[in-house]
Amino acid sequence: MITELSDHVFWTLVAIYGLLVMASIIVGVMSKIRPETDFSELVARVKTWWVMVAVFTLVMVVNRNVSLVFFAFLSFLALKEYLSLIPTRRADRRVLFWAYLSIPVQYFWVFDQYYGMFIIFVPVYIFLLLPLRMILVGETRGFLKAVGTLHWGLMVTVFSISHLAFLLVLPDAVNPNGGAAALVLFLVGLTQFNDVAQYCWGKAFGRHQVVPTVSPNKTVEGLLGGMITTTVLAVVLAPRLTPFGHREALMAGIILSLGGFVGDIVISAVKRDLDIKDSGDLLPGHGGILDRIDSLTYTAPLFFHFVRYLYLP
Amino acid sequence: MIKQIFFRLIVRPVLILVVGVNVRRRHLLPERGPAIVVANHNSHLDTAVLMTLLPARLLNRVRPVAAADYFLSNPLLAWFSRTAIGIIPIRRKGDDGDPLEALRSALDDEQILILFPEGTRGEPEEMADFKSGIGRLAMQCPNVPVIPVYLHGLGKILPKGAFLPVPFFSDVFVGEALVGGDPRFDADPHRFVEFLQDRVTALAGEAPKRAWD
């Protein structure tokens, strides 16, 4: 069963592939003109973009349940990466097992379109369960740190990311312009575009650091340039992919670009705290999964509730 | 046949899902036998990970060296160890005959041995002193490359005594091969073992600090 793509979703995907072709050509030409400079990381990054976009397209067009399994797997990889980075107590092995089990359960609520449970399962039930399970183990040394870091990680990698999935199961009536799939494309596409835009503006014009102690590469110029570019693109795409009017599109653009920035620097702060550069090396040129979905951990819940508040009857 | 099916259908998919291994310098792993891959040992997963890292076409020639007193302790485990994994059992204790003989003939047959010179899995994520057997084997087969490998994080997934694997990412660091015939060892097995252990310890230095808190 293949999901039918609306025309606008189809052409948006074509445009994304167009951008990838352009990026590949630019990187190729640059390494030809300046053979003395090492572009290998940039080349790897563009190549990985191709793979990520191809996988995303595939899971989005096959059918909705495949997309849900994919988002659940994304949560699993992100949580695994997070738990591999933070110091965990040996005594907590069984607790971590329960933490992993929360993923299929959380995505089952999504599949079931059971919003009430979806929205409280991790913040309430898992929040109450994990300390209890730790107490049954009986190790109190480092208890607060262990339970705090574990729950924070679940909120970021499971709760936040599952909002992408719930956006996908919203009734198509919410969005006459392409349905739920178009909203997911709008959210993911603009969040990732904003990352690249902020990076490019920062590289070209960056002077004044925003948060020098957390991430010296983030500049006011990059942030503002990215925000403007992303918001303009949001306004252009909104009539094709979303139910938004001009004013809502403007707000969505600001939410996505500012939220994405915050998500990015929050994960940067975690990495700085742990004294590591990348969260992993699953995605050549990008780092780990967390490095790639850092912005989405903020934009997914923010955008979801923006849509829900304004458009769900 | 059973070994191929077991590794292709069960071991590989489970390792990809549960473990997720980052390998540094995979090209230093052997591409043909004879060779000896030597690693630190913390988990039953160590063997499985090393076996899947080697090219699949070599699978039938890859032979983990395993303690007879543990892996042949009951008939079911013995059948599984011999058929699905293809271990070469050796006796850890007792002195009836030369325990290295089976290893030498496997190397003569161009097989690849996986050997854990600590002799046991021990405490999770801690390395014990290497036993001397690998030194004697290297002296007896002076041209066979010995490849040092450091495995990091697998002891967190499935430590000794645990039944429930908990997913984590793990790292594999491969080092340059040594041969027993190298003049700097002066045909001294103890010098070889010392040098080998230093190499594995040096590889451990590359690992991120993310053991237990």
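Here, the structure is the one placed above.
First, a word on what this report is: a plain description of the structure on this page. (Residues numbered from 1 in each chain as written. Chains lettered and ligands numbered in written order. Predicted model: local features only at pLDDT ≥ 70, side-chain atom pairs only at ≥ 80, totals over all residues. Heavy atoms only, no water.)

A look at the overall build of chain A
Spelled out, the test is: Only DSSP runs of H or I with at least four residues qualify as helices, and only runs of E with at least two residues qualify as strands; both kinds are numbered from the N terminus onward. Throughout, the radius of gyration refers to the C-alpha atoms, and the reference size of a globule is 2.2 Å times the residue count to the power 0.38. For every residue, the accessible area obtained with a 1.4 Å probe (protein chains only) is divided by the maximum for its type, and the residue is called buried under 20%, exposed over 50%, and partly exposed between those limits. Contacts are assigned to residue pairs that have any heavy atoms within 4.5 Å of one another. What sets the accessible areas is the Shrake-Rupley method with a 1.4 Å probe; for residues, cover comes only from the shown protein chains.
Secondary structure assignment for chain A yields 11 helices and zero strands. Secondary structure elements of chain A occur, N-terminal to C-terminal, as α-α-α-α-α-α-α-α-α-α-α. Relative to a compact globule of 313 residues, whose C-alpha radius of gyration would be 20 Å, chain A shows 20 Å and is just as compact. Oriented by its inertia axes, the alpha-carbon framework of chain A measures out at about 60 × 50 × 35 Å. Buried positions account for 48% of the 313 residues belonging to chain A. Long-range contacts, defined as pairs at least 24 residues apart, comprise 75% of the intrachain contacts of chain A with a sequence gap of at least 6. Summing over all exposed atoms, chain A offers an accessible surface of approximately 15100 Å²; the carbon and sulfur share of this is 69%.

Describing the pattern of salt bridges
So the rule is basically this: Only one rule defines a salt bridge in this text: a Lys or Arg side-chain nitrogen within 4 Å of an Asp or Glu carboxyl oxygen.
Evaluation of the coordinates by the stated rule reveals nine salt bridges over all chains. The residue A:Asp92 makes a salt bridge to A:Arg89 at a minimum N-O spacing of 2.8 Å. For A:Asp92, a relative accessible area of 3% translates into the label buried. The residue B:Arg25 makes a salt bridge to B:Glu206 at a minimum N-O spacing of 3.0 Å. A residue pair is termed long-range when its members are at least 10 positions apart, and B:Arg25 in the loop between β1 (21-24) and β2 (35-39) and B:Glu206 in the segment after α8 (189-204) qualify at 181 residues.

Thoughts on helix α9 (residues 246-274) of chain A
For the record, the criterion: One less than the residue count of a helix, multiplied by 1.5 Å, gives the span that helix is expected to have.
Its 29 residues give α9(A) an end-to-end C-alpha distance of 42 Å, which sits within 8% of 42 Å, the value for a rise of 1.5 Å per residue. Of the residues flanking the end of α9(A), it is A:Asp275, one or two places downstream, whose phi is positive at about 65°.

Some details on the nonpolar core
Rules: The term nonpolar core refers to a set of buried residues drawn from Ala, Val, Leu, Ile, Met, Phe, Trp, Tyr and Cys, joined through side-chain atoms within 4.5 Å.
With 115 residues, the main nonpolar core has A:Phe71, A:Leu83, A:Phe186, A:Phe244, A:Phe303 and B:Val149 as its most contacted residues. With 13 residues, the top contributor of residues to this core is helix α6 (residues 143-169) of chain A. In this structure, A:Phe71 is in contact with A:Phe56, A:Tyr107, A:Ile161, A:Leu164, A:Ala165, A:Leu168 and A:Val184, ignoring residues within four places of it in sequence. Listed in part, the 28 residues of the second largest apolar core include B:Leu103, B:Phe173, B:Leu178 and B:Ala207.

Comments concerning the packing of aromatic side chains
Think of a pair of aromatic rings as described by two things: how far the centres are apart, and how the planes are tilted against each other in angle. Stated precisely, the cut-off is as follows: Any two of the Phe, Tyr and Trp rings considered here, Trp counted by its six-membered ring, make a pair once their centres fall within 6.5 Å; the pair's planes then place it as stacked at under 30 degrees, edge-to-face at over 60, or tilted in between.
Following the criterion strictly, the structure yields 29 aromatic pairs over all chains and no others. Residues A:Phe118 and A:Phe304 carry aromatic rings whose centres are separated by 6.3 Å and whose planes lie at 65° to one another, so their mutual orientation is edge-to-face. Of this pair, A:Phe118 sits in helix α5 (residues 115-137) while A:Phe304 sits in helix α11 (residues 296-311), and the two are 186 residues apart along the sequence. On the basis of relative accessibility, which here comes to 0%, the residue A:Phe304 falls in the buried class. Arranged with centres 6.5 Å apart and planes meeting at 35°, the rings of B:Tyr150 and B:Phe173 form a pair that is tilted. One end of the pair, B:Tyr150, is in strand β6 (residues 145-152); the other, B:Phe173, is in strand β7 (residues 170-174), with 23 residues separating them in the sequence.

Observations concerning the packing of helix α3 (residues 64-85) of chain A against α6(A)
Residue and element names in this part refer to chain A. Note the following rule: All axes here are fitted lines through C-alpha atoms, helices being fitted over the stretch that makes contact, and every angle between N-to-C directions spans 0 to 180 degrees. These descriptions rest on fixed angle ranges, namely under 35 degrees for roughly parallel, over 145 for roughly antiparallel, 65 to 115 for roughly perpendicular, and the rest for oblique. Should the near helix be turned anticlockwise from the far one by less than a right angle, the crossing is left-handed, and should it be turned clockwise, the crossing is right-handed. Classification used: nonpolar for Ala, Val, Leu, Ile, Met, Phe, Trp, Tyr, Cys and Pro, charged for Asp, Glu, Lys and Arg, polar for all others including Gly.
Packing of α3 against α6 brings their axes to within 9 Å, and their N-to-C directions diverge by 165°. Here α6 runs roughly antiparallel to α3, going by the angle between their axes. Read as a crossing pair, α3 and α6 show a hand that is right-handed. Together, Arg64, Ser67, Leu68, Phe71, Leu74, Ser75, Ala78, Leu79, Tyr82 and Leu83 of α3 and Thr149, Leu150, Trp152, Gly153, Leu154, Thr157, Val158, Ile161, Leu164, Ala165, Leu168 and Val169 of α6 make up the contact between the two elements. Class assignment for the residues of the contact of α3 with α6 results in 16 nonpolar, five polar and one charged.

A few points about the packing of helix α1 (residues 7-33) of chain A against helix α2 (residues 40-62) of chain A
All names here are of chain A. Packing of α1 against α2 leaves a shortest axis separation of 10 Å and a crossing angle of 165°. Considered as vectors, α1 and α2 are oriented roughly antiparallel to each other. Judged by the twist between their axes, the crossing of α1 over α2 is left-handed. On α2, the residues that touch Leu13, Ile16, Tyr17, Leu20, Val21, Ala23, Ser24, Val27 and Met30 of α1 are Leu42, Val43, Val46, Trp49, Trp50, Val53, Ala54 and Thr57.

What to know about helix α2 (residues 45-53) of chain B
Across the nine residues that make up α2(B), a large majority, nine, are buried. Listed as buried for α2(B) are B:Leu45, B:Asp46, B:Thr47, B:Ala48, B:Val49, B:Leu50, B:Met51, B:Thr52 and B:Leu53.

A few points about the pairing of strand β5 (residues 112-115) of chain B
Residues in a regular strand project their side chains so that they alternate between the two faces of the sheet. Residue and element names in this part refer to chain B. What counts, and what does not: Two strands qualify as a pair provided DSSP detects at least 2 bridges between them.
On β5, burial covers both faces: Ile112 and Ile114 on one face and Leu113 and Leu115 on the other are all buried. When strand β3 (residues 62-67) meets β5, the two strands line up parallel, connected through three bridges. When the bridges of β5 are listed, Pro64 appears paired with Ile114.

Here we look at the interface of chain A and chain B
Operational definition: When two parts are brought into contact, each loses some accessible area as probed by a 1.4 Å sphere; the total of that loss over both is the buried area. By the criterion applied in these results, polar contacts are pairs of N or O atoms within 3.5 Å in which, for protein atoms, one can donate a hydrogen and the other can accept it, and in which residues neighboring in sequence qualify only through two side-chain atoms.
Taken together, the contacts link 21 residues of chain A with 24 residues of chain B. Interface area for chain A against chain B, summed over the two sides, is near 1900 Å², with a carbon-plus-sulfur share of 59%. Here chain A is connected to chain B by zero salt bridges. Across the contact surface, chain A and chain B share eight residue pairs in polar contact (both at pLDDT 80 or more). When residues of the side of chain A that touches chain B are traced back to their parent elements, those giving at least two are α3 and α4 (93-111) of chain A. Looking at which element gives the most residues to the side of chain A that touches chain B, the answer is α3(A), with eight residues. For the side of chain A that touches chain B, the per-class residue count stands at 11 nonpolar, two polar and eight charged.

Overview of a nonpolar patch on the surface
Just so we agree on the cut-off: Residues with no salt bridge and a relative accessible area higher than 30% make up the patches, which join like charges within 9 Å and nonpolar side chains (Val, Leu, Ile, Met, Phe, Trp, Tyr) within 5 Å.
A cluster of nonpolar side chains, contributed by A:Val210, A:Val220, A:Leu224, A:Ile228, A:Val232 and A:Val236, occupies part of the molecular surface with about 480 Å² of accessible area. Structurally, the position occupied by A:Ile228 is in helix α8 (residues 220-241).

Focus on unusual backbone geometry
Of all residues except glycine, most have a negative phi; of all peptide bonds, most are trans. The phi angle at B:Glu110 is positive, at roughly 60°, despite the residue not being glycine. The residue B:Glu110 is located in the loop between α5 (101-108) and β5 in this model.

As for the side chain of B:Ser43
Residue and element names in this part refer to chain B. Counting through the fold element by element, Ser43 comes out in the loop between β2 and α2. Only 2.8 Å separates the side chain of Ser43 from the backbone oxygen of Leu158, close enough to count as a polar contact. In this view, Ser43 contacts Arg121, Leu154, Gly155 and Leu158; residues no more than four positions away in its chain are not counted.

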